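Observations on chain architecture
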Protein chains: 2
Amino acid sequence: MKRSRKAADTSTPAKIDIRSVASLARVSIATVSRTINHVPTVDPILAARVWKAVRELNYFPNTQARALVSGKSRLLGLIVSEITNPFFPELIQEFEHAAVAHGYEILLGSTNYEPKTMELCSRRMIERMVDGVAIMTFGIEDFLLDRFTADNIPFVFIDPAPSRPLNSVLAVDYRAGIYEGVQHLAVLGHRDIGFISGPLNRRSAQSRKAAFLSCLESTGIKANHDWLIEGTHTLDGGRDAMRHILALPNWPTAIMCSNDMTAIGVQHALFEANLKVPSDFSLIGFDDIHLAEYTIPPLTTIRMSCKDLANKAIENLLSRLNPPEGQGEDATTITTRLIARQTTGFPRNTLQDLKQTPARKPQSR
Amino acid sequence: MKRSRKAADTSTPAKIDIRSVASLARVSIATVSRTINHVPTVDPILAARVWKAVRELNYFPNTQARALVSGKSRLLGLIVSEITNPFFPELIQEFEHAAVAHGYEILLGSTNYEPKTMELCSRRMIERMVDGVAIMTFGIEDFLLDRFTADNIPFVFIDPAPSRPLNSVLAVDYRAGIYEGVQHLAVLGHRDIGFISGPLNRRSAQSRKAAFLSCLESTGIKANHDWLIEGTHTLDGGRDAMRHILALPNWPTAIMCSNDMTAIGVQHALFEANLKVPSDFSLIGFDDIHLAEYTIPPLTTIRMSCKDLANKAIENLLSRLNPPEGQGEDATTITTRLIARQTTGFPRNTLQDLKQTPARKPQSR
DNA sequence: GAACTCAGTGTAAACGTTTTCCCTCAGGTA
DNA sequence: TACCTGAGGGAAAACGTTTACACTGAGTTC
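The shown structure was predicted, so the numbers you read here are calculated from the model rather than taken from an experiment.

**Some words on the overall build of chain A**
Broken down by element type, chain A carries 13 helices and twelve strands. Per-residue burial for chain A yields a buried fraction of 52% across its 365 residues. Summarising the internal contacts of chain A: among those between residues at least 6 apart in sequence, 71% fall at separations of at least 24.

Okay, here's the thing in structure tokens:
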């Protein structure tokens, strides 16, 4: 009745609720409810009448009312860092796919790396009564986790901390993939390897950097701290970090990046400087987004399967929603592995001279 | 009481609702409601007590109950084609930004180009009682629109059709940008221009293709229908379309793509075939996603501002939610324009010979 | 000092569902 | 025929809010 309609359409559009279905089907609303929820005891004759009415009126049940009374929203929260990093859309898609397969919908939140936004997201999740929440980003505060616990909302996340429940962490084995990457470079002959991390105020970025450093050490390569740059996990961040490295007196021969977007930014900085990949620099990314296959040349990277991540997250959440009989409450782990494409090759000072035109003197050893 | 907790934590975690706040603050629930909704008539003394209780209990109001009784969910639906095409995350981000600026949240749906999924999305939007919905994809059926109308849910979309309300369409002026693109190529000397469209069962793809053809004609260039390929708006689609063109006996000298992802796929196919951009082929994309600046070489493309699109969509929706005094109910139009970067240059047979190594004979005229 | 106002509260009725409980009635049994 | 059983359906309570309405008192006006 609020909005007045334009045309000769005088009648208020009839609200279509369970009552209208009930009266059209000449049954009680209880029967309608039972029918649409597939309760087996309802008389097929009545059920048929109900379905007919549902179709005729184009009736959709009101989810809010449903959730309110049943206490279950059939909604799974998914909090990610940043929707414009293609890794996350891929993750979201997998997550959504797995969720709907189990009859859930997803409520998306994106923090943009801001603690304030993270808090807002968590709040929304609670307000909308999600049945569970997957936190695929870093830096969630314990007090928010406590609020989830208070509302009995199970959560999964990839941000391990000593104080936190083990059964809710999806441990990513960064080290395995990064080790493969470092080995791959070492075998090619690289000894001067730089690393562009994500923003170091997140634990994941720290984990990846720490993994890199430790892999370097176990491969017997000495780290040069001038080549450990803090990036932002974005195209711009990768480009800027590489520009910074190119301004250094000594250059590494290979760069590892803590995500693929960073690596693509690096490729661009190299293109600007008229340097070639992999002949001047070898380059390894992390994530293996679909785009990695399409860069020029295609990006060697470390795959973290977002399908795996999504499925394990959902599986974990669901198992705590409908607790199965006996099961181990172990931390799940997500593996990573190297996908070798065309951005890695022999270092420039091993097999070939510098016939290219580098603007500065490369690292000699 | 459902889930049993692990530890010595025997007490059921107390449900925190408006009643608990009311009793802690020693006021009625009505006063709590008025306080948290900033109704100005409440006594500051009581309000202070309420806020204190809210903080103490960490109370979040239940959105479902709120929406149920007020009839307003403060939720805006956003339906997009495909979340893994970076254009859409950028759009989503802008949309969300504008939405929260007005106190709304967004409910995201992604159709993956499947009519069935589109129907499911629309259904979710209605079930969750969105206050309005922006349909940023194509191929929505009239019966779904009717359902929105029946529930008095305003919608905006970019899929014009004769039968549809003018005030709800965001007309995109594809022609302006495409014309600039064709002109740009013509000035460089290109006469043989191919076009890779999106999936032609969507009207937008048809619109862009039609715009291209019409621009070609008004520039006095004859279209070659062998070079009009139907793509999928994806990386893979672009690559495959270009492979197809390269298998033809005659090649165009320039390719326009109906989105940037397609263009990046084309670049990859060219890379595979050891062909150079722009010396062998000029290339123009559409959308201007952030990544376009980062391809190698950076992509010349036609910008459709997703910020503009998002803002206009929200503006339209909001103006119909809270109808202002007097305003024109015109169709809004979104402009497009050429962003010239480095994938366009002189055609290969105008200024230079074929010193490259093309696998096949190029088109001669 | 009585009658009015009106600011500020509280009570209770919605909102559209699910779900518990009770009732009816058909069919089976003695 | 009288009784029991149980399948199936309806009435009504509940979910956590907002909001219409009624109420209380303090301040104002004569």
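**Remarks on the protein's contact with DNA strand C**
Near DNA strand C there are 26 residues, and of these I18 and S33 of chain A together with T31, R34 and D43 of chain B occur at the shortest range. Considering the 4 Å shell around the protein, atoms of DNA strand C inside it are sugar or phosphate in 61% of instances. Between a phosphate oxygen of DNA strand C and a main-chain N or O atom of I18 of chain A, the distance comes to 2.8 Å. The backbone of D43 of chain B places a nitrogen or oxygen atom 2.9 Å from a phosphate oxygen of DNA strand C. Those elements that place two or more of their residues in the surface near DNA strand C are helix 1 (18-25), helix 2 (29-36) and helix 4 (63-70) of chain A together with helix 2 (29-36) and helix 4 (63-70) of chain B. Among the elements that take part in the surface near DNA strand C, helix 2 of chain A stands out by supplying four residues, more than any other. Taken together, the residues of the surface near DNA strand C sort by class into 13 nonpolar, six polar and seven charged.

**Details of the nonpolar core**
Within soluble globular proteins, side chains that are nonpolar tend to cluster in buried spots. Counting 150 residues, the largest nonpolar core has M136, I178 and M256 of chain A together with M136, I178 and M256 of chain B as the members making the most contacts within it. Not counting residues within four places of it along the chain, the set of residues in contact with M256 of chain B comprises I178, G181, V182, L185, I193, G194, F195, I196, F212, I284 and I302 of chain B.

**Some points on the packing of helix 8 (residues 174-188) of chain A against helix 9 (residues 203-218) of chain A**
Residue and element names in this part refer to chain A. It is the contact of helix 8 with helix 9, at a shortest axis distance of 9 Å, that shows an interaxial angle of 45°. With respect to helix 9, the axis of helix 8 lies oblique. Considering only the axes of helix 8 and helix 9, their crossing is right-handed. Contacts from Y174, R175, I178, Y179 and V182 in helix 8 reach S204, S207, R208, A211, F212, S214, C215, L216 and S218 in helix 9. Class assignment for the residues of the contact of helix 8 with helix 9 results in eight nonpolar, four polar and two charged.

**A closer look at helix 11 (residues 260-272) of chain A**
All names here are of chain A. If you check helix 11, its first and last C-alpha atoms are 18 Å apart, about what 13 residues at 1.5 Å a residue would give, namely 18 Å. Burial analysis of helix 11 places eleven of its 13 residues in the buried class, which makes it a mostly covered element. When helix 11 is considered as a whole, its buried residues turn out to be D260, M261, T262, A263, I264, G265, V266, Q267, H268, A269 and L270. Packing partners of the buried residues in helix 11 comprise strand 6 (193-197), helix 10 (235-246), strand 8 (254-257), strand 9 (282-287) and strand 10 (300-304). Directly after helix 11, the chain includes N274, whose backbone phi takes a positive value near 60°.

**Remarks on helix 3 (residues 44-57) of chain A**
Residues and elements named next belong to chain A. Between its first and last C-alpha, helix 3 extends 20 Å over 14 residues, near the 20 Å set by a 1.5 Å rise per residue. Within the sequence span of helix 3, burial applies to A47, V50, A53 and V54. Here the buried residues of helix 3 occupy an arc of 125° about the axis, which is enough to place them on one side. The outward face of helix 3, more than 90 degrees from its buried face, is lined by the exposed residues P44, I45, R55 and E56. Here the buried face of helix 3 lies against helix 1 and helix 2. Residue D43 occupies the N-cap position of helix 3, its side-chain oxygen lying 3.0 Å from the main-chain nitrogen of I45. After helix 3 finishes, the residue N58 shows a positive phi value of roughly 60°.

**Description of the relation of the copies chain B and chain A**
Once chain B is rotated about the relating axis by 180° and shifted along it by 0.1 Å, it coincides with chain A to within an RMSD of 0.1 Å. On this basis, the relationship between the two copies can be described by a two-fold rotation axis. Closest to the rotation axis within chain B is the C-alpha of Q64 of chain B, separated from it by 2.4 Å. When the interface residues of chain B are mapped onto chain A, 100% of them are again interface residues, pointing to one common binding face.

**Some thoughts on the protein's contact with DNA strand D**
Inspection of the region around DNA strand D gives 26 residues, with T31, R34 and D43 of chain A together with I18 and S33 of chain B positioned closest. Atoms of DNA strand D within 4 Å of the protein belong to the sugar or the phosphate in 61% of instances, the rest to bases. Residue S33 of chain B places a side-chain N or O atom 2.4 Å away from a phosphate oxygen belonging to DNA strand D. The separation between a phosphate oxygen of DNA strand D and a polar main-chain atom of N62 of chain B is 3.3 Å. Elements with a contribution of two residues or more to the surface near DNA strand D: helix 2 and helix 4 of chain A together with helix 1 (18-25), helix 2 and helix 4 of chain B. With four residues, the single largest contributor to the surface near DNA strand D is helix 2 of chain B. Split into classes, the residues belonging to the surface near DNA strand D amount to 13 nonpolar, six polar and seven charged.

**Looking at the interface of chain B and chain A**
With 59 residues of chain B at the contact, the number on the chain A side is 60 residues. Between chain B and chain A, a total of about 6000 Å² is buried, with carbon and sulfur atoms accounting for 53% of that surface. Our enumeration of links across chain B and chain A arrives at six salt bridges. Ionic pairing is found between E105 of chain B and R128 of chain A, a salt bridge with its closest N-O pair at 3.2 Å. Where chain B meets chain A, there are 20 residue pairs in polar contact (both at pLDDT 80 or more). The set of elements that each furnish at least two residues to the side of chain B that touches chain A consists of helix 4, helix 5 (87-101), strand 2 (105-110), helix 6 (115-127), helix 7 (142-150), helix 10 (235-246), helix 11 (260-272) and helix 12 (306-321) of chain B. Residues belonging to the side of chain B that touches chain A are distributed by class as follows: 25 nonpolar, 16 polar and 18 charged.

**Details of unusual backbone geometry**
Both trends apply: most residues other than glycine have a negative phi, and most peptide bonds are in trans. Residues and elements named next belong to chain A. Following I296, the chain continues into P297 via a peptide bond in cis, with omega recorded as -5°. In this structure, P297 sits in the loop between strand 9 and strand 10. The phi torsion at Y113 lies on the positive side, around 65°, for a residue other than glycine. Tracing the backbone shows Y113 in the loop between strand 2 (105-110) and helix 6 (115-127). A positive phi angle, close to 60°, is found at N152, a residue other than glycine.

**What about the pattern of salt bridges?**
Residue and element names in this part refer to chain A. Enumeration over the complete set of coordinates arrives at 28 salt bridges over all chains. The residue E272 makes a salt bridge to R243 at a minimum N-O spacing of 2.6 Å. Within this pair, whereas E272 is found in helix 11, its partner R243 is found in helix 10, the two being separated by 29 residues in sequence. For E272, a relative accessible area of 40% puts it in the partly exposed group. When its relative accessible area of 37% is taken as the criterion, R243 is described as partly exposed.

About the thresholds
- Residues numbered from 1 in each chain as written.
- Chains lettered and ligands numbered in written order.
- Predicted model: local features only at pLDDT ≥ 70, side-chain atom pairs only at ≥ 80, totals over all residues.
- Heavy atoms only, no water.
- Helix = DSSP H or I, 4+ residues; strand = E, 2+ residues; numbered from the N terminus.
- Buried < 20%, exposed > 50% of the residue type's maximum accessible area, 1.4 Å probe, protein only.
- Contact = heavy atoms within 4.5 Å.
- Near = heavy atom within 4 Å.
- Polar contact = N/O pair within 3.5 Å; in protein donor to acceptor, adjacent residues only side chain to side chain.
- Nonpolar A, V, L, I, M, F, W, Y, C, P; charged D, E, K, R; others polar.
- Core = buried A, V, L, I, M, F, W, Y, C linked by side-chain atoms within 4.5 Å.
- Axes fitted to C-alpha atoms, helices over the stretch in contact; angles between N-to-C directions.
- Parallel < 35°, antiparallel > 145°, perpendicular 65-115°, else oblique.
- Left-handed = near helix turned anticlockwise from the far one by under 90°.
- Expected span 1.5 Å × (residues − 1).
- Arc of directions from axis to C-beta.
- Least-squares fit on C-alpha atoms with pLDDT ≥ 70 in both.
- Buried area = accessible area lost by both parts, 1.4 Å probe.
- Salt bridge = Lys/Arg side-chain N within 4 Å of Asp/Glu carboxyl O.

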